[in-house]
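Breakdown of the fold
Each chain is listed here by its residues.
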Amino acid sequence: MIARMATNPLPQFPPGFLWGVSTSAHQIEGAVQERDPSVWDAFTAEPGRVKDGSTAAVACDHYHRYPEDVALLADLGVDAYRFSVSWPRVNSPGGLDFYDRLVDALCAAGVRPIPTLFHWDLPLELDWLNRDTAERFAEYAAVVAGRLGDRVRKWITLNEPAEHTLLGHALGAHAPGRRLLFDALPVAHHQLLAHGLAVRALRAAGADDIGIANSHGPTWAASRRPEDVEAADFYDLLLNRLFADPLLLGRYPDGVGELMPGHPEGVEADLKVIAEPLDWYGINYYQPTRVGAPQGTEIEFGGLTLPAELPFSVRELEGYPVTDFGWAVVPEALTELLVGFRERYGDRLPPVVITENGCSYEGIDDQERIAFLDGHVRALHRASEQGVDVRGYFVWSLLDNFEWAEGYARRFGLVHVDYDTLERTPKASFVWLRDALRARG
Ligand code: FCB
């Protein structure tokens, strides 16, 4: 590995580029008895929801072991750490104290704290079908900023509102487990509104470095037949444009605004809030999706069961290696995605940060993960060479953790976690990244 580093250092990005790692509260903290319940606690308690029957009750016990995890971050030598603040914990007595301690520890270790205010663990009493949840989110954002804003510069409002809408409310694979299909669209609108209101609340609290972490990926039509192209375009709308257009252009894609609550005047007014200017735009990238016309049958895809009535079908991406999760490894699609964003949004696209990218592989000598990260960092660099203003790259994830409906079966960490002893063991990929960051000087 050392020899490899000598000949193959990380590509050079412009000054100020941030190297980091990401986690989320529900996936690592544990200590669920020490906070209010979230929709994820209720969901995992329902039999059959999480594949291995596990819960996040202990997870990595990061809540109690955060000093050890901050020491790992310091050893890794990352510039920044993206974590999420648990809204139900903040609602609990003393809950904010934990994030206060965490932020202090990060600052003392020279690692910049970047909190995400919502990474899917909604307080159990709230519901994104209600518009009021957006207002409540802005109040909560103000509380967190009031406490941490003296040490936190960079903020993320929401993580992947697309996945939370699709998996949590349209397909029922994530909390809160609803299968509303297209009736889930208000959930998208209310999260976007929550984002815009939170941007205003954060700015009022003095924040001037605000972004969002959206999941995006290229959609590839299964063939050039018009029905496949049309289906792929529709899928692209759902994953990419439905969330990026309102934020960056202040409008919904054609035909979507009519389906949103409050149409027409209410939606127009909300779009002005949603499109509050951002300081940067976070993208979580994992893989492209190959999509064709509906096939009239249920489809198993990435651990999901997609119902037959959807107006598209997801097809296998042939000819690429896959991770242990079955996700295709296609670094060049990251370049394509970013260059495509630049073409579509032009000057409306703020600087981009890759807020998540990573892969699930077993084992501590994880050479596949090293190859994955190396390939994606190079793909990001090619986008930068082609004029996309990229400002950071965050690996998902620091630790193996509770991978939502997959439970503990998927290991995304640079650090292995033994779930019996909670012992942390840096993997080969951790050593690779640490040495590469050191070699950067
Ligand atoms: C993303 C989520 C993150 C993690 C990775 C693998 O969609 O934001 O929490 O589960 O996928």
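The structure we're discussing is the one just above.
Residues numbered from 1 in each chain as written. Predicted model: local features only at pLDDT ≥ 70, side-chain atom pairs only at ≥ 80, totals over all residues. Heavy atoms only, no water.

What to know about the nonpolar core
Note the threshold: For our purposes a nonpolar core is just a set of buried Ala, Val, Leu, Ile, Met, Phe, Trp, Tyr and Cys residues, chained together by side-chain atoms within 4.5 Å. For each residue, the accessible area found with a 1.4 Å probe, counting protein chains only, is set against the maximum for its type, and the residue is called buried under 20%, exposed over 50%, and partly exposed in between. Secondary structure follows DSSP: runs of H or I at least 4 residues long count as helices, runs of E at least 2 residues long count as strands, and numbering of each begins at the N terminus. Residues are treated as being in contact if the distance between any of their heavy atoms lies within 4.5 Å.
Core analysis: the largest hydrophobic core is formed by 144 residues, its most contacted members being Phe137, Tyr281 and Leu338. Among the elements that line this core, the one with the most residues is helix 10 (residues 226–249), at twelve residues. Among all residues touching tyrosine 281, those that are not within four sequence positions of it are Ile212, Asn214, His216, Ala244, Leu247, Leu248, Phe341, Leu349, Pro350, Pro351, Val352 and Val353. Counting residues in hydrophobic clusters, the runner-up holds eight residues, among them Ala80, Ala213, Trp280 and Val353.

Some words on the pattern of salt bridges
Put simply, the rule is: Throughout this description, the term salt bridge denotes a Lys or Arg side-chain nitrogen within 4 Å of a carboxyl oxygen of Asp or Glu.
For the structure shown, the criterion picks out 36 salt bridges. With a shortest N-O distance of 3.5 Å, aspartate 100 and arginine 147 are connected by a salt bridge. One end of the pair, aspartate 100, is in helix 6 (residues 95–108); the other, arginine 147, is in helix 7 (residues 132–148), and 47 residues separate them in sequence. Owing to a relative accessible area of 31%, arginine 147 belongs among the partly exposed residues under this scheme. Of the charged contacts, one joins aspartate 228 and arginine 315 as a salt bridge, the two residues approaching to 3.9 Å between their closest N and O atoms. In this pair, aspartate 228 sits in helix 10 while arginine 315 sits in strand 11 (residues 313–315), placing the two residues 87 residues apart along the sequence. Given a relative accessible area of 19%, arginine 315 falls into the buried group. Among the ionic contacts, a cluster of salt bridges with common partners joins Asp97, Asp100, Asp104, Arg147, Asp150 and Arg151.

Let's talk about the packing of aromatic side chains
Describing an aromatic ring pair means giving the distance of the ring centres and the angle of the ring planes. The following threshold applies: Within 6.5 Å between ring centres, the rings of Phe, Tyr and Trp (the latter by its six-membered ring) count as paired, and their orientation is classed by plane angle as stacked under 30 degrees, edge-to-face over 60, tilted in between.
Overall, the coordinates contain 30 aromatic pairs when judged by the stated rule. Measuring from centroid to centroid gives 4.1 Å for phenylalanine 13 and phenylalanine 17, while their planes differ by 10°, and the two rings are stacked. Considered together, phenylalanine 13 and phenylalanine 17 belong to a single accessibility category, that of buried residues. Relative to tyrosine 140, the ring of tryptophan 87 lies with its centre 4.7 Å away and its plane at 10°, an arrangement referred to as stacked. Here tyrosine 140 lies in helix 7 and tryptophan 87 lies in helix 5 (residues 87–90), a separation of 53 residues in the sequence. The pair formed by tryptophan 87 and tyrosine 140 is uniform in burial state, with each residue classed as buried.

Points about the site of the ligand
Under the convention used in this document: One heavy atom suffices: a residue is near a molecule or strand as soon as one of its heavy atoms comes within 4 Å of it. Counting of polar contacts relies on pairs of N or O atoms within 3.5 Å, with two restrictions inside protein: one atom must be capable of donating a hydrogen and the other of accepting it, and residues adjacent in sequence are counted only when both atoms are side-chain atoms. Only the protein chains shown count as cover for residues, and the accessible areas themselves come from Shrake-Rupley with a 1.4 Å probe.
In the vicinity of the ligand, the residues found are Gln27, His119, Trp120, Asn159, Glu160, Tyr286, Glu356, Trp396, Glu403, Trp404 and Phe412. Glutamine 27 places a polar side-chain atom, nitrogen or oxygen, 2.8 Å from an oxygen atom of the ligand. A distance of 2.9 Å is found between an oxygen atom of the ligand and a side-chain nitrogen or oxygen belonging to tryptophan 404. Calculation on the ligand without its partners gives an accessible area of 290 Å², and the protein chains cover 95% of this total.

A short note on the environment of aspartate 279
Among the secondary structure elements, aspartate 279 is positioned in the loop between helix 11 (265–274) and strand 7 (281–284). The exposure class assigned to aspartate 279 is partly exposed, which follows from its relative accessible area of 28%. Counting along the chain gives 269 residues from aspartate 279 to leucine 10, while the straight-line C-alpha distance between them is 26 Å. Setting aside its immediate chain neighbours within four residues, aspartate 279 contacts Arg203, Asp208, Asp209, Ile210, Pro350 and Pro351.

Section: the environment of leucine 192
Checked against the element boundaries, leucine 192 lands in helix 9 (residues 185–204). For leucine 192, a relative accessible area of 0% translates into the label buried. Residues leucine 192 and alanine 31, 161 residues apart in the sequence, show an inter-C-alpha distance of 29 Å. When near neighbours in sequence (up to four residues on either side) are disregarded, leucine 192 contacts Leu242, Phe243, Pro246, Leu247, Tyr252 and Ile274.

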